[in-house]
Structures are given as structure tokens and as C-alpha cells.
Amino acid sequence: MSIQHMPPVGWLLLTVNLFGAALASDAVPWPSEASGELWDKVEQLIGILHTETGFAQLSPGVGAALREVPRPRFIPERDREAAFDNRPVPIGYGQTISQPLIVAVMTELLALRPGDKVFELGTGSGYQAAVLAALGAHVYSVEIIPELATRARVTLDELGYDGVRIKVGDGYFGWPDEAPFDAIVVTAANDHIPPPLIQQLRPGGRMVIPVGDRYTTQKLVIVERDADGTIQLHELMPVTFVPLTGAR
Amino acid sequence: MRLPDAATANRGTHPPFAGVALISAAALAYEILLTRAFAIIHWHHLVAIAISLALLGYGASGTFLALFGARLRANVAATFVSQAWLFGITTLLCVNGAQQIDLDPLAIAWDPRQIAVLAGAFLVLATPFFFAANCIGLALWTSRQSLSGLYAADLLGAAVGVVLLLIALRTTDPETAIAALPAVGALAATLAALALDWHPRAVTVIGLLLIVAQILYMPMHLSPSPYKDLSRALAAAGARVEIHESGIGGRITVVGNDVVPTRGAPGLSLLATALPPPQRVVFVDGDRAGTIADFRAGSTSSAYLSQTLGALPFALGRPIDEVAVLRAATGERVVQALDLGARHVVAVEPRPALYAIVCGHYAELQGAVCDRQRVDWHTQSARAFLASSGQRFDLISLAVDADPAGLDALASDHHVTLQAFASYLRQLDSDGVMVVEGPTRLPPRLSMRLLATARGALAQNGITDAGDHIVMLRDWNRFVILVSPSSVSWPERQAVRNFAQTLAFELVWLPGMREADASRIQHQAVPMFYRAARAMLADAYRGDCYQGHRADAISDDRPFPWLSTCWREWLQTIRTQHDADWAGIDTGVLIGVAVIAVTGVTSLMLIIAPLLLLRRVGRESAGAGVRLATFAHFGLIGAAFIALEIAWIDHLQTFLGNPLYATSLVLAGFLLFAGLGSAWAQRRGIAGDLSLLHLACTVIAVSGLFYMLVLPLVLTEAAALPLWARAAIAAILLSPTAFAMGIPFPVGLRAVQRRAPALLPWAWGINGCASVVAAASTPLLGAEVGFRDLAGLAAIGYMLLPLVGLPARPEMRNDLI
């Protein structure tokens, strides 16, 4: 089901959500001192993790995009205070918005340029898509839970990220009409990486897969497709952030 | 607190036997149903927590009766009737209410508020036990003349309740069973009102109205947490439930989806040229148990199965005709074996309901899986089947699936232990292979322990060069380990290399491989899997930890394959680096510690604090020695009793094939036999108390030794018997221990009553508190020290009782009072 073919109930929900979002939009200012502190902390952690990730600092574009996108707006109101913590936050339906550190590392690893096409399997809150769009990428995102897709669409529209297209449905076969992609983000992998996604990765492109549970990203898997079609995998570990001690 | 006096008893004002039996039956049924509720809502049966909750309610009731018993005894009828009504009303109310609490145990590491939420859930769920215990405690307290009868009613009620519950759960769901509990409470209250000639119309009407209102407006429904596999599957667009039924083996749900169909293929190559077809997903208690595809001729192809890690044994080039698929679930590995050339498959699945789904409702879809000419299904545990079968196989296949988050750190699995692997290897042909598949973690944990276990099992079968008998491959999130009694030949090694290269799998271990071979496709900063495998299989390796993680073989005594924290090295890190590696601790262990803290605090608040705050009981009237002896005696009994009980439950789970059977049998068995032991001790004269205690402790010590040395052998030998016979054997085996364990409590009570009666409430309180904390702690302790050693420790705890000296020698009695 596409967002364009939303039933009346969906439009009603959308209106309610928009109204709620409008009311809430001023409740948590962004950028703010708290958001600045959050991203300062994340950049500090990235410096500590450089042996695991292969880079010691975020590129200026990624850093700016992360600071630009208002994270609280992608979090349900009751947990919005946690938006300034470097931790995952529940967004309903058994899903979470990723930990800022993980979003930063994944975005950096994708090494995007403005105008790149990115496929995302698992829209979730829409936050990762917003960050990618803020970098100038065209994002094609598939979500299997209609309510999450609707909520993400509302938030992205309201914030003006029109470079993101969202589809509710089966992402196993990617988005063939828009393939190949310069990068692919798989946040909703089942028990295997769908081979069709590999086929839709442009030679030289990268796929990033966070592996773990809803609160802990245990490792990041990067799939690279060479020009001759061969693939290489890199596993970065453990990109786990534990609140008591910082990066591990 | 005073024991019942003759005058009170002679008035015949005690509640009826039937009322006590009903409350006792319903309370134990509620305790067992909680384990079902936990399994459906969260992720485990959490047996120890259900026991802890029951003890919390009973302990709080002991304190309550100690403080207010005199007033309550003045009106037994009103108290019993009202408490029975409250029990009935709160069973439904509290299970429903607890589900409204936004508990997410996994978030404890991030959100300390979850600890308070956990405590709230504990208090809510323990409430019905409090009222039930008030009924039973008051009944026992108010009648000396009919004490033995009431006691018998209490014990028989519990035993009958368990049997009736198990019968009910074969045909009905846990919700219906929970919804029936208020009726049992109401019936008990009504019987008591009639027997005691007290007719409280207002109470009856209000009670009935509350129960009816709950049934009408708060229909009982156990909802899986949003994080369960089932909840997520149902949230997807197009999801539809095709089957939803409950049975003794769990709640089975089959979900189909035409919009976003599931395509499960664990270990499918990134380079796969064939794709898995749309599948239905089968869930047991909300956890994904397997998938069912439509493999009818012309529908979809199963060709993708040759491009998964699980196809490794078939790539080896050895003839594979006879295959045993252990824990076959929905038969995916059965399909694979048949597709890849097996002539005949034995599929072993302990959950009959799962088999009924696969080869009943969906028999036509998977074709050959239910073809009796090619596949024999056995609905029993894998170890029981292999123990009874003399059959030999070319391939024994097993998969380990658990929550990759680490929540299963305290989940036991007796099918991947040293003893299990050794028995699998014994049933292989000389050229046969055993394969184990499972999910990977970084750093390697489960796979490392499985390698150590395989090495140990080979050694038990006389093979010391394990490295030549093992192959291990992996992809980005899964591994497969192949073990064979015969060494892997050069041509076979080449075949494995070809298989891995063609499908972009990474070599982790292959005899003769070099480190450079381990990072051809899947790169890590250092090839951790290879190095871990090399360490595990090296001739000189003797360690139990490897780089901060456990690397010992999984054993029947410590059957926790997912447990990975190596505490010795963890503590060493703190000492050397003055920092703790919190990320190195299993999440399940963290939650276990939080549960212990919560139970400890709540039991102190509900059991001990009231004694301290409301009445300075016993302080003035007892000497320090007697106080210390009382606390030690009842604390030891409380902790040791529960530790032994939970150790038995763990041990019998595999033997009986179902955690519900094991929990029910052990809880009812211990209650019954310990109750009989207690009653027997009460009928004997006080003069023999010390010798009675010595006798009990000797029996417990001997049975503890039996548990440590002989029980595993007996259970293995009897594993193939029918369920009723296994249950009878288990009951007979635990009866002497339980009988003896019932003796120290009344002996201690009698001693306190003689030496310092004012300490009686403290005796109850300390015992309750120790029991509650022990119930929560036992799984963690069992995982760390092993259930055999834990049983030994508990036996030592009992053996210390005579040394504590609460029942004094006859010549000392007058001096000590």
C-alpha cells in the first residue's frame, strides 16, 4: 500500500498526527544546548572508537546533517525527553529509534554524496531517512508497519524532507524501479540479507546492516560490491554503547 | 503470636476442609499459570520468578498474621470468607493489571525507572498469594484439633489442583484457566460461610458483582509484549492469523501474509541464485518456531536450501542416507535433507502440537515432510529418542536458536551439552557427521562454547585430535559446526573450500587452514572467529575463559549455552584497569541481578519491615544466641529448600519434556512430601527433636549425594519410558528428599516456641524472606556454579542446622530458656 492510497481512516490519523505534531513542535527546541551536547558527546565517542570504525571524526557534511535534523520530532511525545540521550528510544510497535552514535557511524560509513540514491529497508521513525535526506540523498524507504510509515511520512513532510519516498510493503525485492542504488541501509534484516538487494547495489556501492537487539547494536556489517560484482563484507565491532562507561 | 489454643479449636470454628483445599488448589494453579503467562507475554517460563512471587505473598501473609492474627482469629468466619473472596477477585484483576504496567526488562540497562516498574509488577502479581496464604494460615492457626485434617486438605488440594490444571490446559487456554480462579475463590468463600454459619449477603453480592464485572468488562487476555516475534509479525501490513490454539506444549499461532510475506532462510548465501518462497510463520508462545512453505509440485522451489550454511554436510561428499533432525520444529531442515539426497529422515520434535500443525493442517504444503515412507516423526525430546533408539545415522542435525540480544543467558538447553554431544556422536556411523547451526555474536561466544563442547565430546569418544574432526563456517550472522568421528580427509577439505567460496561463506575452522584463509570474504580487524576456534581446538588448551568470555564446555550440570561472561577476567579488568566492562555482561544476567534486588527489597519491605516498625517483636525477650540461632535456622531452611526445589525443576525439564510438567510435578511433589514430613515430625514428641533433625539432615545429605552422582544416570536410562512412568519415577525419586526437607521447619518452630515464643513471627519472616531471595537467585547461582554443586550447597545448608543448635539438647533446655 502506498502512502498515496491511504484510506480515510489513515487521513484522519494523519490529520490528528499533524495537529499533535504542530502542538508538540515547539515543546522541544532543536537545535539547543542539549542537542549540541549530545552531538559533541557522540563526536567524542567516535574519536574513541576509531580503531573499530576506521575513522576518527565525522565528515563535516554528516556532522552538520546530524545536528540539523530534530531528533525529538521522530520520538513519541511521552519519551521525547530521551531524545537528548545517546541511547535508543522506543517508538511503538516493538521498534526503536536508533542510538545517535549508531546513526552517526552508519551515515558516515555510507560515504554519500549529494544526489546519491539510497534504499532503506525499514523506515521506522524516519529519522535515519531524514539524516540521509539532509545530506542531499534521495531516499527510497520501505516499511512493513503501516502506522509507522504514516507517522514517518507526517514528520518528514512537516520538516520538509521531501527527498524521502516511503512505501508500505515488502522490501525483500528492494525498489527495482529505482535501482541501482549507491547505498543501502538494512535496519530490518530477517535471518538473511535478501540477495535481490545485493543485485540492486551499484558496483562500488555500500550496504550497511546494524545487527543486534532493539537497545544494543552489537556490530555493523558493511557489504561492498566491487565493480566486477564480487562482494566483500566488513564487520565492525563492538559498536556498543553502555551508559555507565561510555564506548566499548 | 500464639499457637492455637485448645479452647478455640474445640469450638469447631475452623474453616471447612473443602474450602482450604480449594484455596490451596487455586493458589498453586495460579502460580503455575503465571509461568504460562510469563512465557506468552515475555520470553521465558520464568519459573523461579513465579515461585518467588508466591513466596513473597506467603511471607507477607505470615508477617500479617503474626501482627494482626489475634484480632483476625476473633472472627475466623469473616476473615476467611473475605480473604477467599479477595483471592478470587485479585487473581483476574492482578494479571490484567500487571499487563497494563509498561514493563520492558531489556531497558533496565538504559532506564533505571524500569526497576521500579518491575517492583510494581511484582507487588501486583504477588497480591493473590497474600490473600490465599491468609486463608490457609488462618485455618491452620485456628484449629489444633483438626490441624492434621486441614493440613491434609491443604496438601491434597494443591496436588489435585495441579492435576486438574494440567488436564484443563490440554484443552483450554491459560486465559480461561485464570478466569476460572475467581470462581474457585468464590466457592471456597461460600463453603466457609455455610460451614461457619456466617451469611454475609453484602460480601457475597459485592464479591459476585466484582467478579462478574471483571469477566464482562475486563476479559482475560494474555497479550504478548510488543517486542515478541508474534507482535511484530502481526503489526506488518497484510498479516493474518490462520491458526491460534493453546495446548499443554504452549500457544501456537500461525501467521500468513500476502502483502509482506515472510521468506525465512537462515544462513542463505548473499550470492544465492534461488530465493526462499513466501512462508507462513509458526509461533509458539509468541516466539518464532519455524516456517511453512508451499512446496507442492509446481508451487515453489526448495532449491535455495542447497545455498545455505546448513547444506555443508551434503557438500562434504560423504554418503548421507539416514538423517536425524533433532528439534525438527516445522521441518525446514527435514525438507533440506530430503532435497539434498537423504533417503530417510527421523524428525524428532518434542511439541506434539507443532507436529500436528505441520503434518495436520498443512500436511499437503510441504509434501515429503509428512511422507511416512521417507520421514518418521517422533514427538519426544531428542535425548529421550536417542537414548531409546539403537539406530545409527549418517547425519545428526541440530539448530540452536535463541535471542541474540543475550536475554537467553539464563535459558537452559540440555541438547547442546557435553553429554548430549557425546551421545549423538555414539549414534553416528563411522563416516557420519553431526552439525550444529546457530546465530553468531561478536566476540564469538556461543560458537566458542560449542566448539569446546564438541572437543570434549570427541574426547569422551576416544578422539583426542579434535581439530582434524571439526569444520566450521559462518556468514554475517550464522555459523555451522560439523563434527565427525572420522577425520576430515584432504578431498573433503577441498570440497568444503569450494562450497564456502562459491557461496561467499567464510572458513572459521578447517583442518590445516591458515589464518589468512579466514578473512577472504568477511573481514574483521582481526579474524576473531578463527583465533577463538584455534584456541579452543589447540592441543594445549585447558582454559575456561577466552578473552573475557566463557570458553568451557556446556554440561548437563550447567546447561546454559548462552551464558558468556567470564567473571574471573571481568573482575581482573576492574583490578587492572579500574574500570568495568559492562558491555561484557550478558543482558540476561543484568536482568537477573535486577530481579534479585527487587525481590530482596520487596521482601524486606513486606515481610521484615512490618515486624520492625509495627511491633518490636521478640527483641526484649530473647537472648542474642537464641536470636542468632533462630535467624540462621530459618534462613538456611528458606534458602536451601528453594534451591533444591528449583534445581529439581531444571533437571526434570528435559526428562519430562515440558517445563510445565516439571514445574507442576516438583511444586506439587515438594509441597505434598514436605508436608507429610512436616506432619510426621509434628506428631512425634519434642524429646526427639534433635535426633529427628539429625535424621532429616542425613537423609537430605544422602539424597544430595544421590542428586550429584546418580540422578543423571537414572534419568538417562529412564528417558525413553512413557510420560506417566517418567512422572512416577520423578515423584518417587524426589519424595525422600522432600519428606526429609519438611522436618526441620516444625522442629525449629517447636524449639522457638519453647525457647523464645516472641521470636515466632521472626522465624516465619526470615524464612519467607530467605525463600523469596533464594528463588530469584537460584537461576543465576545455578548457571554459575552448576545445579549439581548448588544442590550440594543446599544439602550442606541443611547439614549445618544441627550445628546452629536451635533445637537444644535435653540437658541444655532449661538453661537456655
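Cut-offs applied
Residues numbered from 1 in each chain as written. Chains lettered and ligands numbered in written order. Predicted model: local features only at pLDDT ≥ 70, side-chain atom pairs only at ≥ 80, totals over all residues. Heavy atoms only, no water. Helix = DSSP H or I, 4+ residues; strand = E, 2+ residues; numbered from the N terminus. Buried < 20%, exposed > 50% of the residue type's maximum accessible area, 1.4 Å probe, protein only. Contact = heavy atoms within 4.5 Å. Areas by Shrake-Rupley, 256 points an atom, 1.4 Å probe, with all protein chains shown as cover. Disulfide = S-S within 2.5 Å. Core = buried A, V, L, I, M, F, W, Y, C linked by side-chain atoms within 4.5 Å. Domains from an automatic or database assignment. Buried area = accessible area lost by both parts, 1.4 Å probe. Salt bridge = Lys/Arg side-chain N within 4 Å of Asp/Glu carboxyl O. Polar contact = N/O pair within 3.5 Å; in protein donor to acceptor, adjacent residues only side chain to side chain. pLDDT = per-residue confidence, 0-100. Expected span 1.5 Å × (residues − 1). Bend = angle between axes of the 7 residues up to and from the residue. Pairing = 2+ DSSP bridges. Axes fitted to C-alpha atoms, helices over the stretch in contact; angles between N-to-C directions. Parallel < 35°, antiparallel > 145°, perpendicular 65-115°, else oblique. Nonpolar A, V, L, I, M, F, W, Y, C, P; charged D, E, K, R; others polar. Phe/Tyr/Trp six-rings, centres within 6.5 Å; stacked < 30°, edge-to-face > 60°. Lys NZ or Arg CZ within 6 Å of the ring centre and 35° of its normal.

Chemist: What is the right way to look at the overall build of chain A in this model?
Modeler: In terms of regular secondary structure, chain A is built from 8 helices and 11 strands. Looking at chain A residue by residue over its 248 residues, the buried ones come to 59%. Summarising the internal contacts of chain A: among those between residues at least 6 apart in sequence, 55% fall at separations of at least 24. Roughly 9700 Å² of accessible area belongs to chain A as shown, and the carbon and sulfur atoms make up 55% of that amount.

Chemist: Explanation requested: the state of the cysteines in the structure shown.
Modeler: Residue and element names in this part refer to chain B. With the rule as written, the count across this model stands at 2 disulfides over all chains. Disulfide partner of Cys-359: Cys-370, at an S-S distance of 2.1 Å. Because the sign of the S-S torsion sets the handedness, a value of about -90° for the bond joining Cys-359 and Cys-370 places this disulfide among the left-handed ones. You can see Cys-359 sitting in helix H12 (residues 352-361) and its partner Cys-370 sitting in the loop between H12 and strand S7 (375-378), a full 11 residues away along the chain. The class for Cys-359 is buried, based on a relative accessible area of 19%. Between the sulfur atoms of Cys-545 and its disulfide partner Cys-566 the distance amounts to 1.8 Å. Taking the torsion about the S-S bond as the criterion, the Cys-545 to Cys-566 disulfide, at about 80°, is right-handed. Of this pair, Cys-545 sits in strand S14 (residues 545-546) while Cys-566 sits in the loop between strand S15 (549-550) and helix H18 (567-577), and the two are 21 residues apart along the sequence. Residue Cys-545 is classed as buried on the basis of its relative accessible area, which comes to 13%. What connects to what in chain B, once the bonded cysteines are numbered by sequence position, is 1-2, 3-4. Cys-135 provides the cysteine sulfur closest to Cys-94, a residue in no disulfide bond, and the two sulfurs are 14 Å apart.

Chemist: What am I meant to see in the nonpolar core here?
Modeler: As a rule of thumb, soluble globular proteins bury nonpolar side chains together. All names here are of chain B. Membership of the largest hydrophobic core comes to 150 residues, with the highest contact counts inside it found for Ile-23, Leu-34, Leu-53, Trp-648, Leu-652 and Tyr-798. A total of 16 residues in this core trace back to one element, the largest contributor, which is helix H20 (residues 624-656). If we ignore the near neighbours within four places in the chain, the residues touching Trp-648 are Val-666, Phe-670, Tyr-707, Leu-711, Leu-733, Leu-734 and Thr-737. Core analysis: the next-biggest nonpolar cluster, separate from the first, contains 110 residues, Ile-252, Tyr-304, Met-528 and Phe-529 among them.

Chemist: Would you take a moment to explain the domain arrangement of chain B for this structure?
Modeler: Taken as a whole, chain B is organised into domain 1 (1-223), domain 2 (229-303), domain 3 (305-569) and domain 4 (616-817). Computed over C-alpha atoms only, the centres of domain 1 of chain B and domain 3 of chain B are separated by 46 Å.

Chemist: Sorry if this is basic, but what is going on with the interface of chain B and chain A here?
Modeler: Put simply, an interface is often sized by how much accessible area is lost when its parts join up. Facing 49 residues of chain B, the contacting portion of chain A comprises 47 residues. Summed over both partners, the interface of chain B with chain A comes to about 4300 Å²; 61% of that surface belongs to carbon and sulfur atoms. A per-residue breakdown of the area chain B buries against chain A is headed by B:Trp110, B:Leu270 and B:Trp476, which together make up 23% of the total. Linking chain B to chain A there are 4 salt bridges. Taken together, chain B and chain A are joined by 12 residue pairs in polar contact (both at pLDDT 80 or more). Breaking the side of chain B that touches chain A down by element, the ones donating at least two residues are helix H9 (229-235) and strand S13 (522-523) of chain B.

Chemist: Sorry, what's going on with the confidence of the model for chain B here?
Modeler: Low pLDDT means the predicted atomic positions in that stretch should not be read closely. Residue and element names in this part refer to chain B. Here chain B averages 85 in pLDDT, and 92% of its residues register 70 or above. Across chain B, the element-wise mean pLDDT spans from 39 in helix H1 (residues 6-10) up to 97 in strand S10 (residues 470-474). Confidence drops under a pLDDT of 50 for residues 1-12, and excluding neighbours within four residues, the segment shows 26 contacts in the predicted structure. Low pLDDT, under 50, characterises residues 811-817; the predicted model gives this stretch 9 contacts beyond four residues in sequence or across chains.

Chemist: Explain helix H4 (residues 76-100) of chain B here, please?
Modeler: The α-helix advances 3.6 residues per turn, and as a result positions three or four apart in sequence lie on the same side. All names here are of chain B. Between its first and last C-alpha atoms H4 spans 35 Å; for 25 residues at 1.5 Å apiece the expected length is 36 Å, and the two agree. The largest bend in H4 is about 35°, located at Thr-90. Of all 25 residues that make up H4, 19 are buried, and the element is covered over most of its length.

Chemist: Help me understand the sheet that holds strand S6 (residues 344-348) of chain B, please; the structure alone is not making it clear to me.
Modeler: What holds strands together in a sheet is hydrogen bonding between their backbones, with the strands either parallel or antiparallel. Residues and elements named next belong to chain B. An order of S7-S6-S5-S8-S9-S11-S10-S12 is seen for the 8 strands of this open sheet, with the pairing classed as mixed. The open sheet terminates on both sides in strands that have one partner only, identified here as S7 and strand S12 (506-509). Taking each pair of neighbouring strands and ignoring which way they run, the sheet shows an average axis angle of 20°. Bridge count between strand S8 (residues 393-399) and strand S9 (residues 428-439): 6 bridges; the pairing is parallel. Pairing of Leu-398 across the sheet is with Val-436, part of S9. Where helix H14 (residues 418-426) meets the sheet, its contacts fall on strand S5 (322-326), S8, S9 and strand S11 (478-483), and the angle it forms with S9 comes to roughly 140°.

Chemist: Is there a simple way to think about the environment of B:Ile700 in this case?
Modeler: Residues and elements named next belong to chain B. Mapped onto the secondary structure, Ile-700 falls in helix H22 (residues 689-709). Judged by relative accessible area, Ile-700 falls into the buried class, the value being 1%. Linking Ile-700 and Tyr-798, residues 98 residues apart in sequence, is a C-alpha distance of 7.3 Å.

Chemist: How do you make sense of the packing of H22(B) against helix H27 (residues 787-799) of chain B when you look at a structure like this?
Modeler: Between two packed helices, the angle of one axis relative to the other and the distance separating the axes together describe the packing. Residue and element names in this part refer to chain B. H27 packs onto H22 with a crossing angle of 170° between their chain directions and a minimal axis gap of 9 Å. Classified by the interaxial angle, the pair formed by H22 and H27 is roughly antiparallel. Contacts between H22 and H27 involve Cys-697, Ile-700, Ala-701, Gly-704, Tyr-707 and Met-708 from the first element and Phe-787, Arg-788, Asp-789, Ala-791, Gly-792, Ala-795, Tyr-798 and Met-799 from the second. Of the residues belonging to the contact of H22 with H27, the class tally is 10 nonpolar, 2 polar and 2 charged.

Chemist: Would you mind showing me how to read helix H7 (residues 146-159) of chain A here?
Modeler: Helix length check: H7(A) (14 residues) gives 20 Å between terminal C-alpha atoms against 20 Å at 1.5 Å per residue, within 8%. Among the residues of H7(A), those classed as buried are A:Pro146, A:Leu148, A:Ala149, A:Thr150, A:Ala152, A:Arg153, A:Val154, A:Thr155 and A:Leu156.

Chemist: Quick question: what am I supposed to make of the side chain of B:Thr90 here?
Modeler: All names here are of chain B. Tracing the backbone through its elements, the reader meets Thr-90 in helix H4. Exposure remark for Thr-90: the relative accessible area of 8% places this residue in the buried category. At 3.1 Å, the side chain of Thr-90 and the backbone oxygen of Phe-87 are in polar contact.

Chemist: What am I meant to see in the pattern of salt bridges here?
Modeler: Any two side chains of opposite charge can pair if their charged atoms end up close together. Residues and elements named next belong to chain B. For the structure shown, the criterion picks out 39 salt bridges over all chains. Here Glu-322 ties to Arg-343 by a salt bridge, and the two come within 2.9 Å at their closest N and O atoms. Of this pair, Glu-322 sits in strand S5 while Arg-343 sits in the loop between helix H11 (332-339) and S6, and the two are 21 residues apart along the sequence. On the basis of relative accessible area, Arg-343 is assigned to the exposed category, the value being 51%. Here Asp-544 makes a salt bridge to Arg-568, at a shortest N to O gap of 3.1 Å. Highlighted residues: Asp-544 in the loop between helix H17 (528-537) and S14 and Arg-568 in helix H18, separated in sequence by 24 residues. Relative accessible area serves as the criterion here: at 48%, Arg-568 is assigned to the partly exposed category. Each of Arg-240, Glu-242, Asp-258 and Arg-280 takes part in a single network of salt bridges with overlapping partners.

Chemist: Looking at this model, I keep getting lost on the packing of aromatic side chains. Mind explaining?
Modeler: Two descriptors summarise a pair of aromatic rings, namely the distance from one centre to the other and the angle between the planes of the rings. The tally for this structure, following the rule as stated, stands at 19 aromatic pairs over all chains. These aromatic residues form a ring-pair network of at least three members: A:Phe119, A:Tyr140, A:Trp175 and A:Phe181. A cation over a ring is seen here: A:Arg71 above A:Tyr127, with NZ or CZ 5.9 Å from the ring centre. Against the face of B:Trp490 rests B:Arg493, its NZ or CZ located 4.6 Å from the ring centre.

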